[in-house]
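# Fold and geometry: a report
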Amino acid sequence: MTTVTRTASTAGAAKRLPAEARPRHRSASGRRRSTPLTIAMLAALAYFLLPLFWLLVASTKSTQDLFNTFGLWFSHAPQLLSNVKATFTQDDGVYGRWLLNTVLYAGVSALGAALLAAAAGYGFAKYRFRGHGAAFNLVLGAIMIPTTALAIPTYLLFAKAGLVNTPWAVILPSLISPFGLYLMRIYAEDAVPDSLIEAARMDGAGEFRIFCTIGLRLLAPGLVTVILFTLVATWNNYFLPLIMLNDPNLYPITVGLARWADQAQNGGAGASSDMLALVVTGSLISILPPVLAFLLLQRYWQSGLATGGVKQ
């Protein structure tokens, strides 16, 4: 009876308290909601998605509708499919070749840069050699050098080697990623336990085999990060292919669409009345492969650093 009486009196006292003094209950998820933070997140979401929405809307319009209709809404007669068809058939289907070229350049560069960065980062993290600190400081300094500053020296070097106007002129410079090397070195320090390497050495495994069978598996999330960074950087690269390539059949999407945009402005050879609409539609198509690659590879970021590495 005493316990029941105390409970009843406590509940009555809680009811008599003013609203400000009553304890606040959290939501079912156990997290408090912040109105300013929600507004800030919605503003950031609109900042990033609004250009994509405009691109989607603009790709459904003709060149005339691009200037005569509201920019953030569809026209009365959307023509997305006809724009896509015209984009792939313009200039004897050269856009499809540009798309394949970009996939080749970005794919080979991303995989090659990730493997080189993983090998070098693993070496810096797990081995000590003469000049170790100076070499790594040189890598850190290379991160601060803008790629555009190296474009002209790279062109002169490749011209001497006879590689200008070839796919290698775009792929080889993209294989070098100082930031990727730095990222993999920091990641390998914790992702690959020294005890696991010593156990493999005691079992008779060589250093190259240890890296290929153990190191690469544990470095998978870091590898995916470098792949995505290099993929996006090479996919969006404009200046290097512009100075390296002269053959329109070797152009990536960035240089090809810039050429179409010049034709739309100046009315050059091969220009049509809807050339600007084709540039917009081509831009929309060009962003789909990187988005798809991100969606397919993001799950690897959620894996543990060394899950299952030591304990079975």
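Everything numeric here is computed off the predicted structure, so don't read it as measured data. (Residues numbered from 1 in each chain as written. Predicted model: local features only at pLDDT ≥ 70, side-chain atom pairs only at ≥ 80, totals over all residues. Heavy atoms only, no water.)

## Comments concerning the side chain of Thr281
As for its position among the elements, Thr281 is in helix H15 (residues 275-297). Residue Thr281 is classed as buried on the basis of its relative accessible area, which comes to 0%. Once you skip the residues sitting within four places of it in the chain, Thr281 turns out to touch Ser59, Asn83, Val84 and Thr87. (Helix = DSSP H or I, 4+ residues; strand = E, 2+ residues; numbered from the N terminus. Buried < 20%, exposed > 50% of the residue type's maximum accessible area, 1.4 Å probe, protein only. Contact = heavy atoms within 4.5 Å.)

## Describing the pattern of salt bridges
The tally for this structure, following the rule as stated, stands at 4 salt bridges. Between Arg185 and Glu189 there is a salt bridge; the shortest N-O distance is 3.3 Å. Here Arg185 pairs with Glu189, and both are found in helix H9 (residues 178-191), just 4 residues apart, close to one helical turn. Overall, the relative accessible area of 33% leaves Glu189 in the partly exposed class. The partner of Arg201 in a salt bridge is Glu207, with the nearest N and O atoms 2.9 Å apart. A single salt-bridge network, built from bridges that share partners, covers Glu198, Arg201 and Glu207. (Salt bridge = Lys/Arg side-chain N within 4 Å of Asp/Glu carboxyl O.)

## Notes on H15
Over its 23 residues, H15 runs 35 Å from end to end, which matches the ideal 33 Å to within 8%, given 1.5 Å per residue. Within the span of H15, buried status applies to Met275, Ala277, Leu278, Val279, Val280, Thr281, Gly282, Leu284, Ile285, Ser286, Pro290 and Ala293. Those residues of H15 that are buried are in contact with helix H2 (35-58), helix H3 (63-68), helix H4 (80-89), helix H5 (94-126), helix H12 (220-235) and helix H14 (253-266). (Expected span 1.5 Å × (residues − 1).)

## A look at the nonpolar core
It is characteristic of soluble globular proteins that their nonpolar side chains tend to be buried jointly. Counting residues in each nonpolar core, the largest one holds 51 residues, and the members touching the most others are Leu219 and Trp260. By residue number, the principal contributor to this core is H5, which donates 12 residues. Ignoring anything within four residues of it in the chain, the contact list for Trp260 reads Thr87, Gln90, Asp91, Val94, Tyr95, Trp98, Met275, Leu278 and Val279. (Core = buried A, V, L, I, M, F, W, Y, C linked by side-chain atoms within 4.5 Å.)

## A closer look at the environment of Val280
Take Val280: it is sitting in helix H15. Residue Val280 is classed as buried on the basis of its relative accessible area of 9%. The spacing of Val280 and Thr87 is 193 residues in sequence and 9.5 Å in space, taken between C-alpha atoms. If we skip the residues at most four places from it in the chain, Val280 touches Leu55, Ala58, Ser59 and Leu66.

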